[in-house]
Amino acid sequence: VNMCRRTLKDVCERLKVDGRTSERALQIFYQVLKSENSPKRKNKELVIACLYCASVEVGVSRTIVELEEASDCSKKKISLMIQKVMVALDVKVENSGPGQYVSRFMYKLSIKNMQVEKAVREMLTKIKERGILSNVNNPAIAASTIHYVCHLNKIPVSIERLSNVSGSSGISLRKLYKYF
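(A) Seen up close, unusual backbone geometry. In this model, Ser-110 sits at a positive phi of 60 degrees, which is unusual for a non-glycine residue. Note on Ser-110: relative accessible area 53%, which makes it exposed. Residues other than glycine seldom take positive phi values, yet Lys-154 does so here, at roughly 55 degrees. Mapped onto the elements of the fold, Lys-154 is located in the loop between helix H8 (138-152) and helix H9 (159-166).

Here it is, written out as structure tokens:
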């Protein structure tokens, strides 16, 4: 259990996860250990899976790829353990789409305006309801929506910075921008 706590602390530091999320991950970890359907091995993948579930629950989702890069666990093992955690706790964690990237991208861009974040989330909800851009990757949709809302609010954010933060190409972001 101490090794798992250390692993959680290390990964949280690498990902710059806030204390609320890491505490929730620890709570989920202990719930899994107490459950009847607890995975047999208590390893790093279990801790990472708990961190994933906690981040989704708190609203600052991390992708499995980010968790893989921050730990020395494979995507496949993390994904399998996430499924085991969901079975153990009898919960379902849904991918929230592009909205899961908004807080992180805005944090990385140093945009601390809550009205802008709220407007971005509302716009993403409308995009999802209308089925617009359903075949485009979620980080690109989130980034281009942030760019559009920032432009409307006269907050300078360059396509290049958004491209670096989101991992999407500048060309993709410019193409998406025309839909707004």
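Moving on, there is more to tell.
(B) Layout of H8. With 15 residues, H8 ought to run about 21 Å at 1.5 Å a step, and its terminal C-alpha atoms sit 21 Å apart, in line with that. Among the 15 residues of H8, twelve are classified as buried, and the element is accordingly described as predominantly covered. Listed in full, the buried residues belonging to H8 are Pro-139, Ala-140, Ile-141, Ala-142, Ala-143, Ser-144, Thr-145, Ile-146, His-147, Tyr-148, Val-149 and Cys-150. Packed against the buried residues of H8 are helix H6 (99-108), helix H7 (114-130), H9 and helix H10 (170-177). Capping the start of H8 is the job of one residue whose side-chain oxygen sits 3.0 Å from the backbone nitrogen of Ala-140: Asn-137. Phi turns positive one or two residues past the end of H8, at Lys-154, with a value near 55 degrees.

(C) The side chain of Ser-144, seen in detail. In this structure, Ser-144 sits in helix H8. Judged by its relative accessible area of 1%, Ser-144 is buried. Within polar-contact distance, the side chain of Ser-144 engages the backbone oxygen of Ile-141 at 3.1 Å. Every residue in contact with Ser-144, bar those within four places of it in the chain, is listed here: Leu-173, Leu-176, Tyr-177 and Phe-180.

(D) Spotlight on H10. Those residues of H10 that sit buried are Gly-170, Leu-173 and Leu-176. One side of H10 carries all its buried residues, which in axial view fall inside an arc of 125 degrees. Facing away from the buried surface of H10 by more than 90 degrees, the exposed residues are Ile-171 and Lys-175. The inward-facing, buried residues of H10 contact H8 and H9.

(E) Seen up close, the environment of Tyr-179. Tracing the backbone through its elements, the reader meets Tyr-179 in the segment after H10. Judged by its relative accessible area of 53%, Tyr-179 falls in the exposed class. The spacing of Tyr-179 and Val-116 is 63 residues in sequence and 19 Å in space, taken between C-alpha atoms.

(F) Geometry of the packing of H8 against H9. Close contact between H8 and H9 brings their axes to 10 Å; oriented N to C, the two are set at 150 degrees. Here H8 is positioned roughly antiparallel relative to H9, judged by the angle of their axes. With respect to the hand of their crossing, H8 and H9 are arranged in right-handed fashion. Contacts between H8 and H9 involve Pro-139, Ala-143, Ile-146 and His-147 on the former and, on the latter, Ile-159, Leu-162 and Ser-166. Classifying every residue of the contact of H8 with H9 gives five nonpolar, two polar and no charged.

(G) Focus on the nonpolar core. Core analysis: the largest hydrophobic core is formed by 30 residues, its most contacted members being Leu-51 and Val-85. Looking at this core, the elements with two or more residues in it are helix H1 (2-15), helix H2 (19-34), helix H3 (44-58), helix H4 (64-70) and helix H5 (75-89). No other element matches the ten residues that H3 contributes to this core. Setting aside residues up to four positions removed in sequence, Val-85 forms contacts with Ile-28, Val-32, Leu-46, Ala-49, Cys-50 and Cys-53. Within the second largest apolar cluster, 25 residues are counted, among which are Ile-111, Leu-133, Ile-159 and Val-165.

(H) Up close: the packing of H1 against H3. Relative orientation of the contacting elements H1 and H3 amounts to 50 degrees, with a least axis distance of 9 Å. The angle between H1 and H3 places the two elements in the oblique class. For the pair H1 and H3, the sense of crossing is right-handed. Between H1 and H3, the residues in contact are Cys-4, Thr-7, Leu-8, Val-11, Cys-12 and Leu-15 and Lys-44, Val-47, Ile-48 and Leu-51, respectively.

Each value, and the rule that gives it
- Residues numbered from 1 in each chain as written.
- Predicted model: local features only at pLDDT ≥ 70, side-chain atom pairs only at ≥ 80, totals over all residues.
- Heavy atoms only, no water.
- Buried < 20%, exposed > 50% of the residue type's maximum accessible area, 1.4 Å probe, protein only.
- Helix = DSSP H or I, 4+ residues; strand = E, 2+ residues; numbered from the N terminus.
- Expected span 1.5 Å × (residues − 1).
- Contact = heavy atoms within 4.5 Å.
- Polar contact = N/O pair within 3.5 Å; in protein donor to acceptor, adjacent residues only side chain to side chain.
- Arc of directions from axis to C-beta.
- Axes fitted to C-alpha atoms, helices over the stretch in contact; angles between N-to-C directions.
- Parallel < 35°, antiparallel > 145°, perpendicular 65-115°, else oblique.
- Left-handed = near helix turned anticlockwise from the far one by under 90°.
- Nonpolar A, V, L, I, M, F, W, Y, C, P; charged D, E, K, R; others polar.
- Core = buried A, V, L, I, M, F, W, Y, C linked by side-chain atoms within 4.5 Å.

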